[in-house]
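This is what each chain is made of:
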Amino acid sequence: MLSIALAGKPNAGKSTFYSAATRAEVDVANYPFTTIDANRGVTHVRTDCPCLDRAERCGNDNCHDGKRYVPVELLDVAGLVPGAHEGKGLGNQFLDELTNADVIINVVDASGATDEKGEPVEPGSHDPLDDVDFIEEEMDLWLAGIVDRNWESVERKSRSPDFDLDEALADMLTGFGASQADVQAVLRGLDYPSDPMAWTDEDREALARDVRQRTKPIVVVANKADVAPAENVERLLDLDKPVIPATAQGELALRKGSEAGAVDYDPGDDSFAILGEVSDAQRDLLEGLRDTMTEYGGTGVQAALDFAVYDLLDHVTAYPVQDASKWTDASGNVLPDAFLLPRGSTPVDLAYAVHSDIGDGYLHAVDARSSREISDSYELEEGDVVKIVSTAK
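Residues numbered from 1 in each chain as written. Predicted model: local features only at pLDDT ≥ 70, side-chain atom pairs only at ≥ 80, totals over all residues. Heavy atoms only, no water.

**Q** I'd like a description of the overall build of the protein, backed by residues and values.
**A** Assigned secondary structure in the protein consists of 12 helices and 14 strands. In summary, the protein has a C-alpha radius of gyration of 23 Å against a globular reference of 21 Å for 393 residues, a match within 12%. Projected onto its principal axes, the C-alpha coordinates of the protein cover approximately 70 × 65 × 35 Å. Counting all 393 residues of the protein, 50% fall into the buried class. Across the protein, 34 positive and 76 negative side-chain charges occur, with their mean positions spaced 3 Å apart. (Helix = DSSP H or I, 4+ residues; strand = E, 2+ residues; numbered from the N terminus. Rg over C-alpha atoms; globule rule 2.2 N^0.38 Å. Buried < 20%, exposed > 50% of the residue type's maximum accessible area, 1.4 Å probe, protein only. Lys, Arg positive; Asp, Glu negative; His and termini not counted. Charge placed at Lys NZ, Arg CZ, Asp CG, Glu CD.)

Structure below.
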């Protein structure tokens, strides 16, 4: 399962985002380090279900009238403060939690109501742009410190006649989620000495920055957009990086309202309908939220999750079935499973994602839409429905 981590300074709204996205109960309070141990839960990314191409909807629990929700892991890491890479605010502990994430959502308080340490201040008095780069900087410097502390082992290995720099760096950076292919790609873009003993601090820091950018891409969430000064949100959107305006509090309210039957809303919708009786105060709050959603195309929570997986990580959703004509598994369930795979993945990769035995026994695959056999090297596209033929049961 893909893993998305929420990062940011204290009080930016990470725990509210997490609670809204997972519907898990967590501590939410207006003081720094409400979260100490990372919260782990399951959320979903949203895509169009292939059942939209059929006469009837599939009825899967994760499909809401053609809106398919695919599970991913969500990690809520405690707030980071400037100097986290040096251990400030238990920073090393919190940064360590990010190592297993595939992508980072940097939650920023767009309202400017918290300072750089997450302490409450007069709304609008803190510049949220200052909170955007510092997360990247802390992660880059933290990884640079790891590289620096382990560089001596690379230098020792370099004395061997069969030394391979790509392999040595991959061994060192595996714990950060970097593969040898990642290291090779990063080194192709760097100018560095061939002898590791000639590398400078600047060389190692450049390596760390590029590895982090490649293995831990970041999307910024301009949270509290519903109460933020308009110019703050506009300045964040003008940055040369992906930024999504959001109201995690609004999303949480809608999900709670939907569960209670008070509103008709599916995560990622750009609006909602009020179904039950609500007080005048509740109606005013909901109508204010509706205005925010109209302006930004939704609450931004689902949009951020979707962007992280489908855009930053460039994944596609594929649906393995056993019956190519009915799109069912052996029990007759229509479109029972959905798998997220990197773009460029093949039917063989899908087979291994289903089960290693299915992959080992792979024979061929069939496109369930056309009922035609497809090449083993065919690159899967978003929404492909595929029958895997394997010797394994």
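**Q** Lay out unusual backbone geometry in plain terms, naming residues and giving numbers.
**A** Non-glycine residue Asp 65 carries a positive phi angle of around 55 degrees. Relative to the elements of secondary structure, Asp 65 occurs in the loop between strand S3 (63-64) and strand S4 (67-76). Exposure remark for Asp 65: the relative accessible area of 58% places this residue in the exposed category. In the Ramachandran plot, Trp 327 falls in the positive-phi region, its phi being about 60 degrees despite a non-glycine side chain.

**Q** Describe the packing of helix H3 (residues 130-158) against helix H6 (residues 201-215), with residues and values.
**A** At a closest axis distance of 8 Å, the pairing of H3 and H6 adopts a crossing angle of 125 degrees. In terms of orientation, H3 and H6 fall into the oblique class. H6 is crossed by H3, and the crossing has right-handed handedness. Judged by residue contacts, Glu 136, Glu 137, Met 139, Asp 140, Leu 141, Leu 143, Ala 144, Val 147, Asp 148 and Trp 151 of H3 engage Asp 201, Arg 204, Glu 205, Leu 207, Ala 208, Arg 209, Val 211 and Arg 212 from H6. Of the residues that constitute the contact of H3 with H6, the class distribution is 9 nonpolar, no polar and 9 charged. (Axes fitted to C-alpha atoms, helices over the stretch in contact; angles between N-to-C directions. Parallel < 35°, antiparallel > 145°, perpendicular 65-115°, else oblique. Left-handed = near helix turned anticlockwise from the far one by under 90°. Contact = heavy atoms within 4.5 Å. Nonpolar A, V, L, I, M, F, W, Y, C, P; charged D, E, K, R; others polar.)

**Q** So, helix H4 (residues 165-173): which residues are in play, and what are the values?
**A** Three or more residues of H4 are buried, namely Leu 165, Ala 168, Leu 169, Ala 170, Met 172 and Leu 173. For H4, the N-terminal capping position is held by Asp 164, with its side-chain oxygen 3.0 Å away from the main-chain nitrogen of Asp 166. (Polar contact = N/O pair within 3.5 Å; in protein donor to acceptor, adjacent residues only side chain to side chain.)

**Q** Which residues make up the environment of His 44, and what values go with them?
**A** Its place among the elements puts His 44 in strand S2 (residues 39-48). Residues in contact with His 44, not counting those within four places in the same chain, are Asn 62, Tyr 69, Val 70, Pro 71, Val 72, Gln 302 and Leu 305.

**Q** Now, about the side chain of Lys 9: what can you tell me, with residues and values included?
**A** Locating Lys 9 in the fold gives a position in the loop between strand S1 (3-7) and helix H1 (14-22). A polar side-chain atom of Lys 9 sits 2.8 Å from the main-chain carbonyl oxygen of Asp 115. A distance of 2.8 Å separates polar atoms of two side chains, one belonging to Lys 9 and the other to Asp 131.

**Q** Please give an account of the packing of aromatic side chains that cites residues and values.
**A** Summed over all chains, the structure comprises 3 aromatic pairs. Arranged with centres 5.7 Å apart and planes meeting at 55 degrees, the rings of Trp 142 and Phe 176 form a pair that is tilted. Highlighted residues: Trp 142 in helix H3 and Phe 176 in the loop between H4 and helix H5 (180-188), separated in sequence by 34 residues. Summarising the burial analysis for this pair, Trp 142 and Phe 176 share the class buried. Both rings, one in Trp 151 and one in Trp 199, keep their centres 4.7 Å apart while their planes meet at 40 degrees; by these two values the pair is tilted. One end of the pair, Trp 151, is in helix H3; the other, Trp 199, is in the loop between H5 and H6, with 48 residues separating them in the sequence. (Phe/Tyr/Trp six-rings, centres within 6.5 Å; stacked < 30°, edge-to-face > 60°.)

**Q** Kindly report on a negative patch on the surface, identifying the contributing residues and their values.
**A** A cluster of acidic residues, Glu 231, Glu 234, Asp 238, Asp 291 and Glu 295, forms a negative patch at the surface. Those elements that place two or more of their residues in the negative patch are helix H7 (230-237) and helix H9 (280-296). Inspection of the secondary structure puts Glu 295 in helix H9. Here Glu 295 falls in the exposed class, since its relative accessible area comes to 57%. (Patch = residues over 30% accessible without salt bridge, like charges linked within 9 Å, V, L, I, M, F, W, Y side chains within 5 Å. Areas by Shrake-Rupley, 256 points an atom, 1.4 Å probe, with all protein chains shown as cover. Salt bridge = Lys/Arg side-chain N within 4 Å of Asp/Glu carboxyl O.)

Worth remembering: the numbers are spatial, not functional.
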